[in-house]
Amino acid sequence: TDGKLIISGSFLPVSGTASYNIAQLLSNGTPDPSFNAGTGLTNEVAQSIVELADGRRVIAGDIHLYNGSYSNNIFCLNADGSINQPFEAGNGTNSIILTLTRQNDDKILIGGNFDTYNNASRSGIARMTICGKVETEYLIACDSLEWHGTTYYSNTTDAADFHVFSGASNEKNPAKSGVSFLYN
């Protein structure tokens, strides 16, 4: 990483710099002048942000407008804050993405309250390439996961090249709470 931190929240200026619900900070905590989000996230906040090995950032949540461009819940940003055009999320998800994580091979896992990712049936979890394409051969057999509540989180733990992707309080079906997935 380059020591920079991208943040999202309900704010307009950061230390006097115009930032519309998203900003990038330098390692000393000041706004990064090389990051230009333009109009940023319009009345929305990214719930999850992950940095890829090449310095791009994937932001996700219940977000639809970033600097005037539309997407369903996921955007890939270049280090300067511009949208990464080759990112092929297509139709994105049909509902909120609550968390995402990057695997060692730069594949991205997303979790949330969605049934589809780019028109592919995915029940609450999907895996995509660094280009945003859904991994069709990677399908976790889940019985209609529905992520709800405020305790959703993700955790990646390196241990012998395995990771844990976990979370969810499920208010509609408590028996599905605390789901964890182990992958390599």
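Thresholds, definitions, all that
- Residues take numbers from 1 onward in each chain, read along the sequence in its written order.
- At least 70 in pLDDT is required for a residue's local features to be given in this predicted model, at least 80 for side-chain atom pairs to be given and counted, and no such filter applies to totals for whole chains, interfaces and linings, which use all residues.
- Neither water nor hydrogens contribute to the side-chain values; these are computed over all heavy atoms in the structure.
- Between any two strands, pairing holds if DSSP finds at least two bridges.
- The helix and strand labels rest on DSSP assignments: H or I over at least four residues marks a helix, E over at least two residues marks a strand, and numbering proceeds from the N terminus.
- Axis lines are fitted to C-alpha atoms, over the contacting stretch for helices. Their N-to-C directions set the angle, which ranges from 0 to 180 degrees.
- Type-normalised accessible area, obtained with a 1.4 Å probe on protein chains alone, sets the label of each residue: buried when under 20%, exposed when over 50%, and partly exposed for intermediate values.
- Using a grid of 1 Å spacing that covers the protein atoms alone, one calls a set of points a cavity when a 1.4 Å probe fits there but cannot get out, and a pocket when the set is open and has protein on both sides within 12 Å along at least five of seven lines; lining residues are those with an atom within 4 Å of a point.
- Grid points are joined across faces, edges and corners, and a volume is the space filled by probe spheres set on the points.
- Amino acids outside the nonpolar list (Ala, Val, Leu, Ile, Met, Phe, Trp, Tyr, Cys, Pro) and the charged list (Asp, Glu, Lys, Arg) are all regarded as polar, and Gly is one of them.

Colleague: Can you break down the sheet that holds strand E9 (residues 74-77) residue by residue, with the values?
Modeller: Taken in spatial order, the three strands make up an open sheet running E5-E6-E9, and their pairing is antiparallel. Lying at the two open borders of the sheet, with one neighbouring strand each, are strand E5 (46-51) and E9. Averaged over neighbouring strand pairs, the angle between their axes works out to 20° when direction is ignored. In the sheet, E5 pairs with strand E6 (residues 57-61) via five bridges, with the strands oriented antiparallel. By the bridge assignment for E6, Glu-51 is matched with Arg-57.

Colleague: Can you break down the pairing of strand E4 (residues 22-25) residue by residue, with the values?
Modeller: On E4, burial covers both faces: Ile-22 and Gln-24 on one face and Ala-23 and Leu-25 on the other are all buried. Relative to E4, strand E1 (residues 5-8) is paired through four bridges, and the arrangement is antiparallel. Within E4, the residue paired with Leu-5 across the bridge is Leu-25.

Colleague: So, the layout of surface pockets: which residues are in play, and what are the values?
Modeller: Estimates place the volume of the largest pocket at around 170 Å³. Listed by contribution, the elements that provide at least two residues to the lining of the largest pocket are strand E8 (69-70) and E9. Here the lining of the largest pocket takes three residues from E9, the largest share from any one element. The class makeup of the residues in the lining of the largest pocket is seven nonpolar, five polar and no charged.

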